[in-house]
Amino acid sequence: QKSQQEANAEQVKKMDALKTEAAGKLTEVQRSVTEVIWQKDGIENALTRVNSEIGHLEASRSRVRHYVLEAWERTKWWVALALVSYFFGPTLWALLMFYGFGRWVSGGTPIRLGPDATTLPTVGESHVSIEAVLRPGELLWIKEKFLQASDEGLGRSTRFVLDWRIPFTSVACGLIELVEMRHAQAAGEYRVTLSNGDDPHIEMAVVEIPAGASLVLRPRFLAGVMQRAGERLEIRRHWRIWRWQAWVTGQFRFFEFVGPCRLAVAGSRGVRAELLADREGVAAPARRTNQDATIAFTPNLDYRPVRAETFWSYYRGMNPLFDDLFSGRGLFVLQETASEGGAAKAGKFWSGIWNGVLKVFGL
């Protein structure tokens with residue numbers, strides 16, 4: 001009897017423990033269910049926000065697409081025109097300039113700057129270095145970079161500007177701070193060696209202009225001047241603003257150097273003179289040359305621009321649209337290869353602008 005009661009009490013005790021344990025697990029399960037419900041609500045809220053944002057994005061994308069399509073409809077022909085102009089515009093422009101404008105210009109009236117002369121300048125052979133001879137009473141003005149060697153005994157000083165009547169031209173062409181070398185002795189000859197130490201492709205030549213002769217020269221090719229001491233260098237300036245040939249070539253001013261004097265000129269790969277004279281079977285002597293190669297010409301020649309010889313040479317950039325055509329009886333001086341000078345190394349764009357400015361002022 002007693003043992004049975006103890007067993008029942010033990011059983012009751014176990015049941016109470018199980019009940020307590022079950023109650024604790026139920027509370028934990030209820031808490032977990034509550035957390036799951038909260039998470040479910042959070043996920044549903046997040047999904048709602050995402051769906052809302054997706055809806056806004058789709059609406060915005062629809063508006064953007066609408067605006068893009070509308071812009072394309074309004075500008076597609078302009079875009080097509082721009083593309084055609086980009087790919088075919090240069091070719092069409094070259095054809096128009098060569099076969100239209102170039103042909104019309106070639107038939108114009110030439111420019112003549114002076115009457116026929118009784119004598120012509122003489123051009124010596126060009127070399128990388130040349131010797132200039134100074135006789136008693138003569139002087140030489142030379143750019144520093146072209147002075148290589150000289151005899152001892154010459155008087156030396158600085159000529160700040162070649163000609164104060166054309167100061168801006170002198171500055172633009174580097175004809176400033178010249179070395180003046182003077183032969184002050186009563187007899188004998190002194191020799192000065194001239195050469196460009198910076199560029200081995202530059203060759204030099206001496207152009208002798210006797211009394212009664214003259215030469216139209218672009219000053220940027222001038223390296224030095226030799227003349228009698230005490231005499232003033234005579235430079236005539238010719239403006240041709242109202243001639244349409246000047247507007248075509250971009251050169252409105254010409255510089256005429258009057259003799260007696262000697263000029264040291266520098267050109268790329270050499271300096272050469274072309275003499276125009278009567279020849280059997282040729283009614284009127286005429287000769288053309290590349291515009292970029294022209295250094296000088298006698299003022300009695302008829303000068304005008306003519307269209308380049310072939311379209312392909314112009315189209316491929318091997319030749320400018322216009323060549324220089326000289327006709328009459330005289331001579332012109334040119335460099336062997338067309339060169340834009342040292343400024344080309346600094347960049348094509350600014351070099352083109354600078355060369356254009358120089359050409360406008362006849363430099």
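Please read all numbers here as calculations on a predicted model, not as lab measurements.

Per the secondary structure count, the chain includes 5 helices and 19 strands. The buried share of the chain, reckoned over its 363 residues, is 37%. With the model as given, the accessible surface of the chain reaches about 22100 Å², and the carbon-plus-sulfur share is 58%.

A word on the sheet that holds strand β4 (residues 147-150). As summarised here, the arrangement of the 3 strands in space is β2-β7-β4, forming an open sheet in which the pairing is antiparallel. The two strands at the open ends of the sheet, each matched to only one other strand, are β2 (129-134) and β4. Here the average twist between neighbouring strands, direction ignored, is 25 degrees. Relative to strand β7 (residues 190-195), β4 runs antiparallel, the two sharing 3 bridges. In the sheet register, Ser150 faces β7, and the bridge partner there is Val192.

Attention now moves to the packing of aromatic side chains. To describe a pair of aromatic rings, you give the distance between the ring centres and the angle between the ring planes. Tallied over the entire structure, the rule returns 13 aromatic pairs. Aromatic side chains Phe98 and Tyr99 sit 4.9 Å apart centroid to centroid with 80 degrees between the ring planes, which places their arrangement in the edge-to-face category. On the basis of relative accessible area, Tyr99 is assigned to the partly exposed category, the value being 42%. What links up through ring pairs into an aromatic cluster is the set Phe98, Tyr99, Phe311, Trp312, Tyr314 and Tyr315. In this arrangement the basic side chain of Arg159 is found over the ring face of Trp141, its NZ or CZ atom lying 4.1 Å from the centre. Seen from the ring of Phe98, Arg307 lies directly overhead, with NZ or CZ sitting 4.4 Å from the centre.

A separate point is the sheet that holds strand β9 (residues 214-217). A sheet is described by the order of its strands in space; here 6 strands give the open sequence β11-β12-β9-β16-β19-β14, paired in antiparallel fashion. The two strands at the open ends of the sheet, each matched to only one other strand, are β11 (234-239) and β14 (271-276). Across the sheet, the axes of successive neighbouring strands diverge by a mean angle of 25 degrees, strand direction being ignored. For β14 and strand β19 (residues 330-335), the ladder comprises 6 bridges, and the chain directions are antiparallel. Residue pairing across strands places Arg272 opposite Leu334, the latter belonging to β19.

As a further point, take the pattern of salt bridges. Per the counting criterion, the structure on display carries 14 salt bridges. Note that Glu138 and Arg262 form a salt bridge whose closest N and O atoms lie 2.7 Å from each other. Of this pair, Glu138 sits in strand β3 (residues 138-142) while Arg262 sits in strand β13 (residues 261-268), and the two are 124 residues apart along the sequence. Take Arg262: its relative accessible area is 10%, and that puts it in the buried class. Notably, a salt bridge pairs Glu234 with Arg236, separated by 3.3 Å at the nearest N-O pair. What you see here is one network of salt bridges that share partners, running through Arg272, Glu274, Arg287 and Glu336.

Let us look at a nonpolar patch on the surface. On the surface, Trp72, Val79, Leu83, Val84, Tyr86, Phe87, Phe88, Leu92, Leu95 and Tyr99 cluster together into a nonpolar patch covering about 1100 Å² of accessible area. Residue class for Phe87 comes out exposed when judged on its relative accessible area of 55%.

With that settled, the discussion passes to empty space enclosed by the protein. Leftover empty space is mapped by rolling, across the atoms, a probe with the size of a water molecule. This structure, assessed with the given rule, holds 1 cavity of 30 Å³ or more. Of the voids in this model, the largest cavity is the one considered here, and its volume is about 70 Å³. Lining the largest cavity are 12 residues, with Val216, Arg218, Gln251, Phe254 and Phe297 positioned closest to its centre. Of all elements in the fold, only β9, β12 (253-258) and β16 (294-297) reach the threshold of two or more residues within the lining of the largest cavity. Looking at the lining of the largest cavity, the element that brings in the most residues is β16, giving 3 residues. Taken together, the residues of the lining of the largest cavity break down into 7 nonpolar, 3 polar and 2 charged.

Here the focus is unusual backbone geometry. The omega torsion of the bond from Gly259 to Pro260 falls at 10 degrees, within 30 degrees of zero and hence cis. Relative to the elements of secondary structure, Pro260 occurs in the loop between β12 and β13. Positive phi, close to 50 degrees, is recorded for Glu177, a residue that is not glycine. As for its placement among the helices and strands, Glu177 is situated in strand β6 (residues 176-182).

The biggest cluster of nonpolar side chains holds 28 residues, and the ones touching the most others in it are Leu162, Ile209, Leu217, Leu222, Leu233, Phe257 and Leu263. Where this core is concerned, the elements lending two or more residues are β3, β8 (202-209), β9, β10 (222-228), β12, β13, β16 and β19. If sequence neighbours within four positions are ignored, Leu263 has contacts with Ala205, Val206, Val207, Ile209, Leu217, Leu222, Gly224, Val225 and Phe257. In this structure, Leu154, Met181, Ile202 and Ala223 belong to the second largest nonpolar core, which totals 18 residues.

Let us now look at the side chain of Ser313. Within the element layout of this structure, Ser313 appears in helix α4 (residues 311-315). Discounting residues that sit within four places of it in the chain, Ser313 has contacts with Met318 and Asn319.

So, on to the side chain of Asp323. Note that Asp323 resides in strand β18 (residues 322-327). Here Asp323 falls in the buried class, since its relative accessible area comes to 4%. Within the structure, Asp323 has its side chain in polar contact with the side chain of Arg288 (distance 3.1 Å). Excluding residues within four positions of it along the chain, Asp323 makes contact with Arg288, Thr289, Asn290, Gln291, Arg304, Pro305, Val306, Arg307, Ala308 and Glu309.

Reading the values: the criteria
Here the residue numbering is sequential within each chain, running from 1 through the sequence in written order. Predicted model: local features are reported for residues with pLDDT of at least 70 only, side-chain atom pairs are reported and counted for 80 or more only, and whole-chain, interface and lining totals are derived from all residues. Hydrogens and water molecules were not included; the side-chain quantities draw on all heavy atoms of the structure. Secondary structure is summarised from DSSP: a helix means a run of H or I of at least four residues, a strand means a run of E of at least two, and numbering begins at the N terminus for each. Throughout this description, buried means an accessible area under 20% of the type-specific maximum (1.4 Å probe, protein chains only), exposed means over 50%, and partly exposed covers the range between. Each accessible area is a Shrake-Rupley result for a 1.4 Å probe, and residues are judged covered by the shown protein chains and nothing else. Strands were regarded as paired on the criterion that DSSP finds at least two bridges between them. Here, axes are lines fitted to C-alpha atoms. For helices the fit covers the stretch in contact, and angles between N-to-C directions go from 0 to 180 degrees. Between 30 and 60 degrees the pair is tilted, below 30 it is stacked and above 60 it is edge-to-face, where a pair is any two Phe, Tyr or Trp rings, Trp via its six-membered ring, whose centres lie within 6.5 Å. Comment: the charge-over-ring label is applied if NZ (Lys) or CZ (Arg) is within 6 Å of the ring centre and within 35 degrees of the ring normal. Every case where a carboxyl oxygen of Asp or Glu lies within 4 Å of a side-chain nitrogen of Lys or Arg is listed as a salt bridge. Think of a patch as exposed residues, more than 30% relative accessible area, with no salt bridge, where like charges cluster within 9 Å and nonpolar side chains (Val, Leu, Ile, Met, Phe, Trp, Tyr) cluster within 5 Å. Cavity means a closed set of points on a 1 Å grid over the protein atoms alone, one where a 1.4 Å probe fits but cannot get out, pocket means an open set with protein on both sides within 12 Å along at least 5 of 7 lines, and lining means a residue has an atom within 4 Å of a point. Grid points are joined across faces, edges and corners, and a volume is the space filled by probe spheres set on the points. Residues are grouped as follows: nonpolar covers Ala, Val, Leu, Ile, Met, Phe, Trp, Tyr, Cys and Pro; charged covers Asp, Glu, Lys and Arg; every other residue, Gly included, is treated as polar. To form a nonpolar core, buried Ala, Val, Leu, Ile, Met, Phe, Trp, Tyr and Cys residues must be joined to one another through side-chain atoms within 4.5 Å. Any two residues having at least one pair of non-hydrogen atoms within 4.5 Å are treated as being in contact. Under this definition, polar contacts are N or O atom pairs within 3.5 Å; protein pairs additionally need one hydrogen-donor-capable and one acceptor-capable atom, and for neighbouring residues in sequence, both atoms have to be side-chain atoms.

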